[in-house]
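Spelled out from the first residue to the last, the chains are:
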Protein chains: 2
Amino acid sequence: MVSENMYNKLAELVVRKGVNVQKGQPVIINANIHDAAFVKKVVKCAYEAGAKYVSVEWSDLDLTNMAYEYQTAEVLAEVPQWKYDKTKSQHDEGACYISITSEKPGAMADADSEKMKIANMAYYSKMKDLAAYTMNNEGQWCVFGIPSYDWAKVVFPDLSDEEAYEKLGDAIFAVTRVTEDNDPVAEWTRHDEEMIGHAKKLNEYRFEKLHFTSELGTDLYVGLIEDHIWAGGGCYTPAGVFFDPNMPTEECFCMPLKTGTDGIVYASKPLDYHGKLIEDFWLRFEKGRVVEFDAKKEKEALEQLLSFDEGSSYLGEVALVPYDSPVSRSGILFFNTLYDENAACHLAFGRPYPENLAGGCDMTEEELAQHGANDSMQHEDFMIGTKDMNIDGIRKDGTVIPVFRNGNFVF
Amino acid sequence: MVSENMYNKLAELVVRKGVNVQKGQPVIINANIHDAAFVKKVVKCAYEAGAKYVSVEWSDLDLTNMAYEYQTAEVLAEVPQWKYDKTKSQHDEGACYISITSEKPGAMADADSEKMKIANMAYYSKMKDLAAYTMNNEGQWCVFGIPSYDWAKVVFPDLSDEEAYEKLGDAIFAVTRVTEDNDPVAEWTRHDEEMIGHAKKLNEYRFEKLHFTSELGTDLYVGLIEDHIWAGGGCYTPAGVFFDPNMPTEECFCMPLKTGTDGIVYASKPLDYHGKLIEDFWLRFEKGRVVEFDAKKEKEALEQLLSFDEGSSYLGEVALVPYDSPVSRSGILFFNTLYDENAACHLAFGRPYPENLAGGCDMTEEELAQHGANDSMQHEDFMIGTKDMNIDGIRKDGTVIPVFRNGNFVF
């Protein structure tokens, strides 16, 4: 059972190691209203770390659902200028961002997909040039989770409310590396170093492409961009502030060549796309683009994801996660990408992380595209890793080097 | 005990009668995060009434207290342009405003008064020209309350949490005229008509000044502005939408002549000024201005209230409330101005309501001042009514007409 002490340690961890709040820095927290008690702990820690101010952006999926039910598509597509100006002014002040996830997976299942697409498209279009702030790590950001009753009942539908909540809480704290007795900041420092070691080795190999195979039927080649940089275990802002954008994180990730993916891939876990849970799906790629796909559930949502904009049907990220990661070992399907992506190798459609290309963070969109990078207003991960997954790295000279065997790193 | 049904009726009352939401109108709700369950009822009612969109501005006094504790005065005084633009764009869209009060009285008692003054001054200065939207009834607005545990324990400190909460809930619903069996919309329509009748009679008398006396020691002359209009029982927007800005409301109110108040007045109830509870205070006026005052508790807060700006030590409102009003008859001191002002005659420092002057809503600030109206960035009510209060109306020709005897209207 998760104690008050562990919640205190989590709040401290997120502030000190997650975003690594600097003295005089504004802190923006995105949170659900039902998490208010915990949010206040985070706010206090942020102030104690010297935050200039802490601003909480509250949200609630019941209100979001009502908005989609009652507002017209026209109204939903209105994004007032002040919303842009607000985020812009936070960026100009050098703010850092904390997001606390705890929503019920699939909470938006009944919302009108067409309206959601229109609203999301309008929002991303308006905000497009502001997305670089976090995507390029110009300021620190951190996404992590805490349990909620709604979420717990989706993960453990057969348990009582209390049992499900406790079990989800135990799992979240375990994979976030917070225990009753440990020093989570020290534990994360050690973990980051190990991940940085993996990324270093992958960078030394200079692979041209990766070949994924699994018994599910996956047989996929993913070409890597030239001058790619494998990353993992924390990031640096241009000012040199080290932070951990995801808690948990178990991935080494890299940038695919936009036109370099060919073959078929089977998803190994469901994907929550704006509250719609897409299940049992596969995709076939030709020269980087998805040319065929199917899903047993929410195929329409998958179609919307892929057709969101031109870059949505091309890859923006490839990530290697050992099947032996704590999230995977927990055996729990969290129905939440932050967790599930750290249980399994995954790919992402859409926008890539410029940090995965040498000099990428200083490049314009055009320069990134010239280097073969994908571009999109969204970035959507989906899981492909399995217990039996094998990955070979193929170098320019044709050398084949085993990277994964049976779901885990060979080296 | 307040039933779920009564909460539903209250939500409906506020939407249909309080702000009287019009089809296609944006609705902005200010609420505390701990009231989320009830807020969702209001949001649903607003959508069902045809709201264009409903936006909830969540607040929490723990976060506000932390802001005052940790932020510097310099940071607290920064009001970003987007905040102004946001409110301005809501006004341009013709939004209406619902505020739900439930905070613990005196919740900001430990906050740094000097910082609060600086922050409030900065905020009011920045927003000054936007205040007319609600002060002049350009758009509909409604303030009402629901019980909270924190508030209940202040009102009934000797009861258990549950008993206090239930008792405060019963009182709030009673004075807001919502019962298990009634039709609150019809009840409010009847009540509004009665209040409008009182105001009509007062307008016919064309008093030059009122003379307040009570055994507490009050002996005060309040001059009324020429061409004054007594109001009460709802308002109209320029577009002709009728609404009830306060629930409860029991007052007939008017505009004092800025320089027309002389004598001494004793407050009959405490005053919550930005979370500081000012108690047992009196004020002496000369030619409209407070020239001497004292308070047994939070005198510093009273001093800040009066010195906030030039108009803060002059009156902006005089309001007559029968001692027999339901709020008064409840015998409960709510420690919340919305309720306590409707239990007793009261005055307000600062900004007047332009609707209380013939043609006032169309006048510039300069024109209002030429007519003898006060001006200020704030508007702060304080209660003076007692069981034994007598009020005489004095006409230009010297005629004295009894208005109140022993706390109630003579007519």
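Note that the coordinates shown come from a computational prediction; the quantities given were computed from them, not determined experimentally. (Residues numbered from 1 in each chain as written. Chains lettered and ligands numbered in written order. Predicted model: local features only at pLDDT ≥ 70, side-chain atom pairs only at ≥ 80, totals over all residues. Heavy atoms only, no water.)

Visitor: Describe the overall build of chain A, listing the residues and the values that go with them.
Guide: Of the regular secondary structure elements, chain A holds 14 helices and 19 strands. For 411 residues, the compact-globule formula gives about 22 Å, and the C-alpha radius of gyration of chain A, at 20 Å, lands near that figure. For chain A, the share of sequence-separated contacts (at least 6 apart) that also reach a separation of at least 24 residues comes to 75%. Taken as a whole, chain A presents about 16400 Å² of accessible surface, with 49% of it coming from carbon and sulfur. Computed over 39 positive and 69 negative side-chain charges, the inter-centroid distance for chain A is 2 Å. (Helix = DSSP H or I, 4+ residues; strand = E, 2+ residues; numbered from the N terminus. Rg over C-alpha atoms; globule rule 2.2 N^0.38 Å. Contact = heavy atoms within 4.5 Å. Areas by Shrake-Rupley, 256 points an atom, 1.4 Å probe, with all protein chains shown as cover. Lys, Arg positive; Asp, Glu negative; His and termini not counted. Charge placed at Lys NZ, Arg CZ, Asp CG, Glu CD.)

Visitor: Describe the packing of aromatic side chains, with residues and values.
Guide: All names here are of chain A. For the structure shown, the criterion picks out 40 aromatic pairs over all chains. Ring plane angle 15 degrees and centroid distance 5.1 Å describe the contact between Tyr 205 and Phe 207, whose orientation is recorded as stacked. Residue class for Tyr 205 comes out partly exposed when judged on its relative accessible area of 23%. Between Phe 404 and Phe 409, the aromatic rings sit 4.8 Å apart at their centres with planes inclined by 65 degrees, giving edge-to-face as the arrangement. For the pair shown, Phe 404 and Phe 409 are each scored as buried. Within the aromatic cluster, the residues linked to one another by ring pairs are Tyr 205, Phe 207, Phe 404, Phe 409 and Phe 411. One residue, Lys 258, lies across the ring of Tyr 314, its end atom 4.6 Å from the ring centre. (Phe/Tyr/Trp six-rings, centres within 6.5 Å; stacked < 30°, edge-to-face > 60°. Buried < 20%, exposed > 50% of the residue type's maximum accessible area, 1.4 Å probe, protein only. Lys NZ or Arg CZ within 6 Å of the ring centre and 35° of its normal.)

Visitor: Requested: an account of helix H2 (residues 36-48) of chain A, with residues and values cited.
Guide: A rise of 1.5 Å per residue sets the reference length of H2 of chain A, with its 13 residues, at 18 Å; its end C-alpha atoms lie 18 Å apart and thus fit the reference within 8%. Taken together, the buried positions of H2 of chain A are Ala 36, Phe 38, Val 39, Lys 40, Val 42, Val 43, Cys 45, Ala 46 and Tyr 47 of chain A. Where H2 of chain A is buried, its residues touch helix H1 (4-18), strand E1 (27-32), strand E2 (54-59), strand E3 (96-101) and strand E4 (141-145) of chain A together with helix H3 (61-70) of chain B. Just downstream of H2 of chain A, Gly 50 of chain A is the residue with a positive phi angle, here 100 degrees. (Expected span 1.5 Å × (residues − 1).)

Visitor: Explain the relation of the copies chain B and chain A to me, using residue names and the numbers behind them.
Guide: In the superposition of chain B on chain A (RMSD 0.0 Å, axial shift 0.0 Å), the rotation amounts to 180 degrees. Interpreted geometrically, this transformation is the action of a two-fold axis. Nearest to the rotation axis, the C-alpha of Trp 82 of chain B is located 2.6 Å from it, this being the minimum over chain B. Looking at chain B, 100% of its interface residues are interface residues in chain A too, so the copies touch through the same face. (Least-squares fit on C-alpha atoms with pLDDT ≥ 70 in both.)

Visitor: Tell me about the sheet that holds strand E2 (residues 54-59) of chain B, and please be specific about residues and values.
Guide: All names here are of chain B. Strand order in the open sheet formed by 4 strands is E2-E1-E3-E4, and the pairing between neighbours is parallel. Strands with a single pairing partner mark the edges of an open sheet, and in this sheet they are E2 and strand E4 (141-145). Each adjacent strand pair in this sheet contributes to an overall mean axis angle of 15 degrees, direction not counted. As paired elements, strand E3 (residues 96-101) and E4 share 5 bridges and run parallel to each other. Bridge pairing in E4 places Ile 100 opposite Phe 144. (Pairing = 2+ DSSP bridges. Axes fitted to C-alpha atoms, helices over the stretch in contact; angles between N-to-C directions.)

Visitor: Any chance you could break down the side chain of Lys 9 of chain A for me, citing the residues and the numbers?
Guide: Residues and elements named next belong to chain A. By the secondary structure assignment, Lys 9 is in helix H1. The charged side chain of Lys 9 is buried without a salt bridge, its nearest counter-charge being Glu 180 at 6.0 Å. A polar atom in the side chain of Lys 9 sits 3.0 Å from the backbone oxygen of Glu 180. (Salt bridge = Lys/Arg side-chain N within 4 Å of Asp/Glu carboxyl O. Polar contact = N/O pair within 3.5 Å; in protein donor to acceptor, adjacent residues only side chain to side chain.)

Visitor: Would you mind going over the side chain of Gln 304 of chain B in detail, with residue names and values included?
Guide: Residue and element names in this part refer to chain B. Mapping Gln 304 onto the fold places it in helix H11 (residues 299-307). A polar atom in the side chain of Gln 304 sits 3.3 Å from the backbone oxygen of Ser 113. Other than its neighbours up to four places away in sequence, Gln 304 contacts Ser 113, Glu 114, Lys 117 and Tyr 273.

Visitor: Tell me what's going on with the sheet that holds E2 of chain A, and back it up with residues and numbers.
Guide: Residues and elements named next belong to chain A. The strand order E2-E1-E3-E4 describes an open sheet built from 4 strands, whose pairing is parallel. The open sheet has two edge strands with one neighbour each: E2 and E4. Direction aside, neighbouring strands of the sheet carry axes that sit 15 degrees apart on average. With 4 bridges joining them, E1 and E3 adopt parallel strand pairing. Paired with Val 27 across the two strands is Cys 96, which belongs to E3.

Visitor: If you had to explain the interface of chain B and chain A to someone new, which residues and values would you point to?
Guide: In this assembly, 26 residues from chain B lie in contact with 26 residues from chain A. Between chain B and chain A, the buried area comes to about 2400 Å², and carbon and sulfur atoms account for 70% of it. Counting across the interface, chain B meets chain A through 6 salt bridges. Lys 52 of chain A is the salt-bridge partner of Glu 78 of chain B, the closest N and O atoms lying 3.3 Å from each other. (Buried area = accessible area lost by both parts, 1.4 Å probe.)

Visitor: Could you give me a rundown of the nonpolar core, with the residues and numbers involved?
Guide: Core analysis: the largest hydrophobic core is formed by 142 residues, its most contacted members being Ile 29 of chain A together with Ile 29 of chain B. In contact with Ile 29 of chain A, not counting residues within four places along its chain, are Val 39, Val 42, Val 43, Val 54, Ser 55, Val 56, Glu 57, Ile 98 and Ile 100 of chain A. (Core = buried A, V, L, I, M, F, W, Y, C linked by side-chain atoms within 4.5 Å.)

Visitor: Give me the environment of Glu 298 of chain A: which residues, what numbers.
Guide: All names here are of chain A. Looking at the element boundaries, Glu 298 is found in the loop between strand E13 (289-297) and helix H11 (299-307). The spatial distance from the C-alpha of Glu 298 to the C-alpha of Ile 278 is 4.9 Å, given a sequence separation of 20 residues. When near neighbours in sequence (up to four residues on either side) are disregarded, Glu 298 contacts Ala 109, Lys 276, Leu 277 and Ile 278.

Visitor: Any chance you could break down the pattern of salt bridges for me, citing the residues and the numbers?
Guide: Applying the stated criterion across every chain yields a total of 52 salt bridges over all chains. Of the charged contacts in the structure, one is a salt bridge between Glu 12 of chain A and Arg 16 of chain A, with a shortest N-O distance of 3.1 Å. In this pair, Glu 12 of chain A and Arg 16 of chain A are both assigned in helix H1, 4 residues apart and thus about one turn of the helix distant. Among the residues examined, Glu 12 of chain A registers a relative accessible area of 30% and is labelled partly exposed. The closest approach of N and O atoms between Lys 44 of chain B and Glu 48 of chain B, which form a salt bridge, is 3.1 Å. Of this pair, Lys 44 of chain B and Glu 48 of chain B are both found in helix H2 (residues 36-48), 4 residues apart, which corresponds to roughly one turn of the helix. Accessibility expressed as a relative area gives 36% for Lys 44 of chain B, which makes it partly exposed. Each of Arg 177, Glu 187, Arg 190, Glu 194 and Glu 250 of chain A takes part in salt bridges that share partners, so that together they form one network.

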